[in-house]
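Geometric and topological summary
Given next are the chains, with one letter for each unit.
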Amino acid sequence: MRRVLLLTALLTGVTGAAWPQQRVSPPVLAVRSDLVTLTVSVSDTHGRIVSRLTREDFVVTDMGTPVPLQFFSAEDEPASIGFVLDSSGSMRELQPQIRAALGGAETGGRHGDEFFAIHFNEYVWPGLPADRPFTDDPAELQTVLRASPAQGLTALYDATAWAFAQLERARHGRQALIVVSDGGDNASAGSLAALVEHARRGAASLYAVALIDPDNRDAPPE
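These figures come from a predicted structure and were not determined experimentally. (Residues numbered from 1 in each chain as written. Predicted model: local features only at pLDDT ≥ 70, side-chain atom pairs only at ≥ 80, totals over all residues. Heavy atoms only, no water.)

Examining the pairing of strand β6 (residues 175–181)
- Judged by how many residues are buried, β6 sits mostly within the fold: 6 of 7 residues are covered.
- Two strands pair when backbone bridges link them, and strand β3 (residues 80–86) and β6 are joined in this way by 6 bridges, in the parallel orientation. Directly across from Leu85, in β6, lies its bridge partner Val180.
- Read as a crossover between parallel neighbours, the route from β6 over helix α6 (residues 192–201) to strand β7 (residues 205–210) is right-handed. (Buried < 20%, exposed > 50% of the residue type's maximum accessible area, 1.4 Å probe, protein only. Helix = DSSP H or I, 4+ residues; strand = E, 2+ residues; numbered from the N terminus. Pairing = 2+ DSSP bridges. Right-handed = clockwise from strand over helix to strand, strands pointing away.)

Some points on a nonpolar patch on the surface
- Nonpolar side chains collect at one region of the surface, where Val36, Leu38 and Val40 lie side by side and expose about 320 Å² of accessible area between them.
- Examined against the element boundaries, Val40 turns out to sit in the loop between α1 (2–18) and β1 (60–62).
- Judged by its relative accessible area of 55%, Val40 falls in the exposed class. (Patch = residues over 30% accessible without salt bridge, like charges linked within 9 Å, V, L, I, M, F, W, Y side chains within 5 Å. Areas by Shrake-Rupley, 256 points an atom, 1.4 Å probe, with all protein chains shown as cover. Salt bridge = Lys/Arg side-chain N within 4 Å of Asp/Glu carboxyl O.)

Comments concerning the packing of helix α5 (residues 156–167) against α6
- In the contact formed by α5 and α6, the axes pass within 10 Å of each other and the chain directions differ by 20°. Taken together, the axes of α5 and α6 lie roughly parallel to each other. Seen along the crossing, α5 lies across α6 with a hand that is left-handed. Where α5 abuts α6, its residues Tyr157, Thr160, Ala161 and Phe164 lie against Leu192, Leu195, His198 and Ala199.
- A breakdown of the residues in the contact of α5 with α6 according to their chemical character gives 6 nonpolar, 2 polar and no charged. (Axes fitted to C-alpha atoms, helices over the stretch in contact; angles between N-to-C directions. Parallel < 35°, antiparallel > 145°, perpendicular 65-115°, else oblique. Left-handed = near helix turned anticlockwise from the far one by under 90°. Contact = heavy atoms within 4.5 Å. Nonpolar A, V, L, I, M, F, W, Y, C, P; charged D, E, K, R; others polar.)

Side note on the pattern of salt bridges
- As enumerated under the stated definition, the model contains 3 salt bridges in all.
- The shortest N-O distance in the salt bridge between Asp44 and Arg48 comes to 3.0 Å.
- The exposed category is assigned to Arg48, whose relative accessible area is 51%.

Structural notes on the confidence of the model for the protein chain
- Per-residue confidence for the protein chain averages 81 on the pLDDT scale, and 82% of its residues sit at or above 70.
- Per-element confidence in the protein chain is highest for α5, whose mean pLDDT is 96, and lowest for α1, whose mean pLDDT is 43.
- Low pLDDT, under 50, characterises residues 1–17; the stretch is placed with 0 contacts to residues that sit more than four places away or in other chains. (pLDDT = per-residue confidence, 0-100.)

Some remarks on the sheet that holds strand β5 (residues 124–126)
- Ordered by their spatial adjacency, 5 strands build an open sheet running β5-β4-β3-β6-β7, and the pairing between neighbours is mixed. Edge positions in the sheet fall to β5 and β7, since each of these pairs with one other strand and no more. Strand-to-strand twist across the sheet, computed as the mean angle between neighbouring axes with direction ignored, equals 20°.
- Together, β3 and β4 (114–120) form the strand contacts of helix α4 (residues 138–146), whose direction differs from that of β4 by roughly 10°.

Focus on the pairing of β7
- Note that β6 and β7 share 6 bridges and pair parallel. Note on β7: the bridge partner recorded for Ala176 is Ser205.

And the structure:
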């Protein structure tokens, strides 16, 4: 009887090795979303912000065809905001005015906003340490915004592309870039066309502050 039991056990082991159980793959759920987020602000003819707007006050069209609004929110949500500052030689005489204007950033933010700064001439460098790319400290932001020389060439496109990449690490979905320059790029490796395409794919609102000298032929305001 012992030999029969042993033989049966061996046959069971061989059978198990020759006919392994098939693994059942878990179901895969694939979802396609066509939801597009639009962040807007509305101002009157005097530049004052218009508040208390409702869903009925907005119409969105796609190639002329009205598109229904799936969600609507009028909350003043926190934002991730980047400053892209031209530190090239052509900006030297404008540095005092720029720093005075940027002083408003210390009081213009909302609770929960986060900020960063990108400086550039022919090189591009972050204002904050690499391991801490954003700050919510107004005093630190002011120190970062003021710590820039005014020398060298202008890599405007490369610096703005760097800032878009920085926003990919942001905490908030509401995002904006404020680019301050005299507009004359003469040192970027990337092209304007590539930058525009990048901007169109991104979620950030882009605000360009163009300080144009009418006698500077290298500065295209557009």
